[in-house]
Amino acid sequence: MQRWRGLEDIPEDWGRSVVTIGSYDGVHRGHQLIIRHAVDRARDLGVPAVVVTFDPHPSEVVRPGSHPPLLAPHHRRAELMAELGVDAVLILPFTTEFSKLSPADFVVKVLVDKLHARAVVEGPNFRFGHKAAGNVEFLTEQGKVYDFEVEVVDLFVRGEAGGGEPFSSTLTRRLVAEGDLTGAAEILGRPHRVEGVVVRGAQRGRELGFPTANVETLPHTAIPADGVYAGWLHAGGEAMPAAISVGTNPQFDGTERTVEAYAIDRVGLDLYGLHVAVDFLAFVRGQAKFDSLDGLLEQMAVDVQRCRELVAEASA
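Residues numbered from 1 in each chain as written. Predicted model: local features only at pLDDT ≥ 70, side-chain atom pairs only at ≥ 80, totals over all residues. Heavy atoms only, no water.

**Thoughts on the sheet that holds strand β11 (residues 258-263)**
Consideration 1: Taken together, the 6 strands give a closed barrel; going around it, the order is β7-β8-β11-β10-β9-β12, and neighbouring strands pair in antiparallel fashion. On average, adjacent strands in this sheet sit at an angle of 45° to one another, irrespective of strand direction.
Consideration 2: One ladder, built from 8 bridges, connects strand β9 (residues 227-235) with strand β12 (residues 275-286); its direction is antiparallel. Each residue of the ladder has a partner; that of Tyr229, found in β12, is Phe283. (Pairing = 2+ DSSP bridges. Helix = DSSP H or I, 4+ residues; strand = E, 2+ residues; numbered from the N terminus. Axes fitted to C-alpha atoms, helices over the stretch in contact; angles between N-to-C directions.)

**Points about the packing of helix α7 (residues 169-178) against helix α8 (residues 181-188)**
Consideration 1: It is the contact of α7 with α8, at a shortest axis distance of 8 Å, that shows an interaxial angle of 155°. The angle between the axes of α7 and α8 places the two elements in the roughly antiparallel class. The interaxial crossing formed by α7 with α8 has left-handed handedness. Every residue of α8 that contacts α7 at Leu171, Thr172, Leu175 and Val176 is listed here: Leu181, Gly183, Ala184, Ile187 and Leu188. (Parallel < 35°, antiparallel > 145°, perpendicular 65-115°, else oblique. Left-handed = near helix turned anticlockwise from the far one by under 90°. Contact = heavy atoms within 4.5 Å.)

**Describing helix α3 (residues 74-83)**
Consideration 1: Among the residues of α3, His74, Arg76, Arg77, Ala78, Leu80 and Met81 are the ones counted as buried.
Consideration 2: Where α3 is buried, its residues contact β1 (2-5), α1 (29-45), β3 (49-55), β4 (88-93) and β7 (192-199).
Consideration 3: Looking one or two residues beyond α3, the residue adopting positive phi is Gly85, at roughly 100°. (Buried < 20%, exposed > 50% of the residue type's maximum accessible area, 1.4 Å probe, protein only.)

**Here we look at unusual backbone geometry**
Consideration 1: A cis geometry characterises the amide bond from Asp55 onward to Pro56, with omega recorded as 0°.
Consideration 2: Checked against the element boundaries, Pro56 lands in the loop between β3 and α2 (58-62).
Consideration 3: The backbone phi angle of Asp147 is positive, close to 65°, even though this residue is not glycine.
Consideration 4: Along the polypeptide, Asp147 turns up in the loop between α6 (136-146) and β6 (149-152).
Consideration 5: The phi dihedral of Asp265 is positive, around 65°, even though this residue is not glycine.
Consideration 6: Looking at the secondary structure, you find Asp265 in the loop between β11 and β12.
Consideration 7: A residue is classified by how much of its surface remains accessible, and Asp265, at 54% relative accessible area, is exposed.

**Observations concerning the packing of aromatic side chains**
Consideration 1: Applying the stated criterion across every chain yields a total of 10 aromatic pairs.
Consideration 2: Aromatic pair Phe106 and Phe128: ring centres 5.6 Å apart, planes at 55°, arrangement tilted. Of this pair, Phe106 sits in helix α5 (residues 103-112) while Phe128 sits in the loop between β5 (117-122) and α6, and the two are 22 residues apart along the sequence. Per residue, the accessibility class of Phe106 equals that of Phe128, and both read buried.
Consideration 3: Look at Tyr229 and Phe283: their rings are 5.5 Å apart centre to centre, the planes differ by 75°, and that puts the pair in the edge-to-face class. Residue Tyr229 is located in strand β9, and its partner Phe283 is located in strand β12; the two are separated by 54 residues in the primary sequence.
Consideration 4: Taken together, Phe54, Phe94, Phe98, Phe106, Phe126, Phe128 and Phe138 form an aromatic cluster joined through their ring pairs.
Consideration 5: Stacked on the ring of Tyr272, the Lys or Arg Arg200 has its end atom at 3.9 Å from the ring centre. (Phe/Tyr/Trp six-rings, centres within 6.5 Å; stacked < 30°, edge-to-face > 60°. Lys NZ or Arg CZ within 6 Å of the ring centre and 35° of its normal.)

The values are spatial; any link to function lies outside them.
Given below as structure tokens:
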């Protein structure tokens, strides 16, 4: 799959293509419907399928300080899109100047002049251009002028997550923030993932017999509510069952929120400096401060056993 950053990265000889545009944070099951439709349409027409997305999130430029927590960094979104059959991902730097581009200019500069769109696939609430003035109706009219079709796909899947609310990135972020990783996984179609580099922490886990990988998460990462979770630690191409702690470590009067993963039953792991991923399977318990260190150690043993069981059940 080709990855382009900016319009200038698109090959000059790029031909017609099927395009879909959006932030697509999380590439959740609703997003997957649109992207799969775009890929299927591209195959029908014998042209590539292209996803256009933005960095940073448009809200950060339009309303500085409002950047939402991210469900997936761009490289992870690209991986997920590639699995769906996407041929190219175009990341457009979203600047103040770019935000002022009118819907008509966006169509010409991006869809017509650069991507030579044959068809554009979007959800019903798609908005684009300066002050989000463009919609699917306007896009359809532009398609008649510039010879591309517009196809609208209903992305609003529902399930048990969020009490039956339509699946969305906003709902997923809320469930993650509440610690409902089961609900988030239903929307995403996979466990919520947090990534980052393993850094040296206070090393108390090692001293207590439960050495953890202290993950310095990427900026704006959507981090679950404080507590203990079952999941997996991905490192060096291996997925290891893990007990994951999120929080400030109140037992030792900590103040900084951290994400720490203990690879269950693994000895002698040296992960410092590695980029790792942590997948959250299920919530086990909330953050707590115990009366004694022995009390904490007893609970940690119980937590690890529960995490071991939950991962085994999920993997069966």
